[in-house]
Amino acid sequence: MELHATITETGAMTVTMGADQEELAEQHENVAAARRALVKLSSEVAGSTGEPTRAVTLDPSGMHVLTVSADGQVSNAPAPATEETPARQAPAEASATTAAAAPDEVAPENVEETVPQDTEESVPVQAEEAETAVGAVAPTAEKPAGDNPFLVAKTPVPPTQGQPEGPATAPVPAPPGESLSVAGAAERTPNFLQNNSPVTPDPAEQGWQGWLNRVFGLKVGPSESELRQRAAVDALSRHWIGSRTVAVLNSKGGANKTPTVIRLASELARAGGGGVLAWDNNESLGTLGWRTHSGEHSATVLDLITAAPEFLKAGASKADLAAFVHHQPEDAFDVLRSDEQPEHDHRITGAEVDLLHEVASRNWRLIIMDSGNSTRGENFTRMIDHTDQVVIATTSESDKAQGAVNSLQALHARGGHAAQLARNAVVIVSEVHPQHSLKAQEIVGEFAPIVRSAHIVPFDQALVQGRMRAQDLSGPTRRAWQLAAAAVIAEF
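Residues numbered from 1 in each chain as written. Predicted model: local features only at pLDDT ≥ 70, side-chain atom pairs only at ≥ 80, totals over all residues. Heavy atoms only, no water.

Some thoughts on the overall build of the protein
Here is step 1: A count of helical and extended segments in the protein gives 14 helices and 17 strands.
Here is step 2: Put simply, the protein has 492 residues, and 42% of those count as buried.
Here is step 3: Of the contacts formed within the protein by residues at least 6 apart in sequence, a portion of 72% connects residues at least 24 apart.
Here is step 4: For the protein, the accessible surface area stands at approximately 25700 Å², while carbon and sulfur atoms represent 52% of it. (Helix = DSSP H or I, 4+ residues; strand = E, 2+ residues; numbered from the N terminus. Buried < 20%, exposed > 50% of the residue type's maximum accessible area, 1.4 Å probe, protein only. Contact = heavy atoms within 4.5 Å. Areas by Shrake-Rupley, 256 points an atom, 1.4 Å probe, with all protein chains shown as cover.)

Details of the pairing of strand S1 (residues 2-7)
Here is step 1: Across the two faces of S1 the burial differs, with Leu3, Ala5 and Ile7 buried and Glu2, His4 and Thr6 not buried at all.
Here is step 2: As defined by bridge partners, S1 adjoins strand S4 (residues 53-59) across five bridges and the pair is classed as parallel. By the bridge assignment, Glu2 is partnered in S4 with Arg54.
Here is step 3: Both S1 and strand S2 (residues 12-17) contribute to a ladder of five bridges, which runs antiparallel. Bridged to Ala5 within S2 is Val15.
Here is step 4: Between S1 and S2, which pair antiparallel and follow one another directly, the connecting turn spans four residues, one of which, Gly11, has a positive phi of 90 degrees. (Pairing = 2+ DSSP bridges.)

Considering the packing of aromatic side chains
Here is step 1: Inspection of the entire model under this criterion finds three aromatic pairs.
Here is step 2: A ring pair is formed by Trp211 and Phe216, whose centres lie 6.1 Å apart and whose planes are at 80 degrees; its orientation type is edge-to-face.
Here is step 3: The exposure class of Trp211 is buried, given its relative accessible area of 12%.
Here is step 4: The partly exposed category is assigned to Phe216, whose relative accessible area is 25%.
Here is step 5: The lysine or arginine in question, Arg244, covers the ring of Phe492, its NZ or CZ lying 5.9 Å from the ring centre.
Here is step 6: It is Arg365 that lies over the ring of Trp240; its NZ or CZ is 5.3 Å from the centre. (Phe/Tyr/Trp six-rings, centres within 6.5 Å; stacked < 30°, edge-to-face > 60°. Lys NZ or Arg CZ within 6 Å of the ring centre and 35° of its normal.)

Section: helix H5 (residues 207-216)
Here is step 1: Of all the positions in H5, only Trp208, Gln209, Gly210, Trp211, Leu212 and Asn213 are classed as buried.
Here is step 2: At its buried positions, H5 is contacted by S2, strand S3 (22-27) and helix H1 (31-49).
Here is step 3: Looking at the residues trailing H5, positive phi occurs at Gly217, about 70 degrees.

Let's talk about the environment of Thr14
Here is step 1: Here Thr14 lies in strand S2.
Here is step 2: Taking relative accessible area as the criterion, Thr14 reaches 29% and is therefore assigned partly exposed.
Here is step 3: Look past the residues within four positions of Thr14 in its chain and what remains in contact with it is His4, Ala5, Thr6, Glu23, Leu24 and Ala25.

Re the nonpolar core
Here is step 1: Counting residues in hydrophobic clusters, the biggest one holds 42 residues, and the most contacted among them are Leu249, Trp279, Ile384 and Ile392.
Here is step 2: In terms of residue count, helix H8 (residues 301-311) provides more of this core than any other element does, six residues in total.
Here is step 3: Counting 34 residues, the second-largest nonpolar core is a separate cluster that includes Leu268, Leu366, Met468 and Trp481. (Core = buried A, V, L, I, M, F, W, Y, C linked by side-chain atoms within 4.5 Å.)

Overview of the sheet that holds strand S15 (residues 389-395)
Here is step 1: Sheet architecture is open: eight strands sit in the order S12-S13-S11-S14-S10-S15-S16-S17, paired in mixed fashion. Two strands close off the open sheet at either side, each with one partner strand: strand S12 (326-327) and strand S17 (453-457).
Here is step 2: Note: strand S10 (residues 244-249) against S15, four bridges, orientation parallel. Within S15, the position partnered with Val246 by the bridge is Gln389.
Here is step 3: Each of S10, strand S11 (276-281) and strand S14 (366-371) touches helix H9 (residues 350-363); the most contacted strand, S11, lies at about 170 degrees to it.
Here is step 4: Contacts from helix H14 (residues 475-488) reach S10, S15, strand S16 (426-430) and S17, with the element oriented near 165 degrees to S17. (Axes fitted to C-alpha atoms, helices over the stretch in contact; angles between N-to-C directions.)

Focus: the packing of helix H6 (residues 224-236) against H14
Here is step 1: Relative to each other, H6 and H14 sit at 55 degrees, their axes nearing to 9 Å. Our classification of the angle between H6 and H14 gives oblique. The interaxial crossing formed by H6 with H14 has left-handed handedness. Facing H6, whose interface residues are Arg228, Gln229, Ala232, Val233, Ala235 and Leu236, H14 presents Arg479, Gln482, Leu483, Ala485 and Ala486. (Parallel < 35°, antiparallel > 145°, perpendicular 65-115°, else oblique. Left-handed = near helix turned anticlockwise from the far one by under 90°.)

A short note on unusual backbone geometry
Here is step 1: At Asn256, a position not held by glycine, the phi torsion is positive, near 80 degrees.
Here is step 2: Along the polypeptide, Asn256 turns up in the loop between S10 and helix H7 (257-272).
Here is step 3: Backbone geometry at Ala332 places phi at a positive 70 degrees, although glycine is not the residue there.
Here is step 4: Topologically, Ala332 is positioned in the loop between S12 and strand S13 (334-336).

Some words on the pattern of salt bridges
Here is step 1: Considering all chains together, one arrives at 17 salt bridges under this definition.
Here is step 2: Across the pair Arg469 and Glu330 runs a salt bridge whose closest N-O atoms are separated by 3.3 Å. Remark: Glu330 occurs in the loop between S12 and S13 and Arg469 occurs in the loop between S17 and H14; sequence separation between them is 139 residues.
Here is step 3: Judged by relative accessible area, Glu330 falls into the partly exposed class, the value being 29%.
Here is step 4: In this structure, the salt-bridge partner of Asp399 is Lys400, at a minimum N-O distance of 3.2 Å.
Here is step 5: Judged by its relative accessible area of 38%, Asp399 falls in the partly exposed class. (Salt bridge = Lys/Arg side-chain N within 4 Å of Asp/Glu carboxyl O.)

Some details on the confidence of the model for the protein
Here is step 1: Summarising the model, the protein shows a mean pLDDT of 81, and 76% of its residues fall at 70 or more.
Here is step 2: In the model, residues 82-157 has pLDDT below 50 throughout and makes 106 contacts with residues more than four positions away in sequence or in other chains. (pLDDT = per-residue confidence, 0-100.)

Right, here's the structure in full:
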């Protein structure tokens, strides 16, 4: 397999390979990081094709031709001649030191190098992870020759002290006739059900590793970021004993509380197999029903309040609750809508919240409550009393972030259980504009020291208005919500 790579001074790398000239573009921290990624990529391709990969590379230091084997062995070949600059031939008597010192000279064909390998990790795209991978200790100590890390001089590494050379000593059998105690016999009893074989992660689906797998049918392993993503999804599928309640707060309107409730409920229900209720506990006209699927009825929280005593009786059926909640067919959770009639003036009391929560906790494993903008109503106070985890929702706008601060202060002022919820809160910052990444990072940096964790969700047009469904989100947005949701339930 032959591939062609171009690396710019900024660390941008473009690779083309295969008969169809499939193209891969990546941005790295600098030229050295791009070179390391190219060697790793070439090694992965060689391991999958069963033959060395020939990489023709053009970078700021000139053109290089590398041959990379599956085990990471790299050899340098003369760069192909061009019409403007004929290829130079190194004299046979020239030393390797002279060739390495002159940037114009081409390394001899018989000079080989060993590139540090990390068989358990793919080369991450992020700069700090790339530096960590490069810093791994290899069996052979290497020193770069000149400024080009493709050319290295080997330095033998002495054997580790205390490890004798030569064949291992054979085990000494026990003396004939020696009997084992009952305890010793039990320890030596074979267990045919025990499985000590290592679990190999599925091939990568994201990043350049996933691109290679899709285009060439390879089985390159996932990066560290993808492994963290998979761990988050596994956490979302976990079931715990008893019901849990999450409250989503911000005293400022338009702070993304309702979308946060929907996205958390969706990710937890899809991964965990349902059993999630999204409850609109707004003291006035909530909008949870506007942004979710409507069932074949128009029931709201007021209808369930009337019927709630029946669902607390022995023999009550959970299936009958379908007449009061609105199931989301794609995202697998249920919605309890607030009253949406402007002519109604009923305000939910604390006792009614207690009644509804009793019904909900008997029939759903997780309750996620949307709140209004007031922290003084009875429905808010009783919601906090029932809450196990607080989520502070905000956008990347300053006034919404200040509303988040006010909500935390209100919890601290209550003391006791409410103050503990504030200290253990999870903050989720949703970008409201594609150019708000830096602003969102600043907000997260301010919240991180005073809460358990803070997370950023990138801008996504599918979250701006209308009904929200997981299938409409971009990949990065969906993954960000999964990581945030896993943090929310981390202590359940």
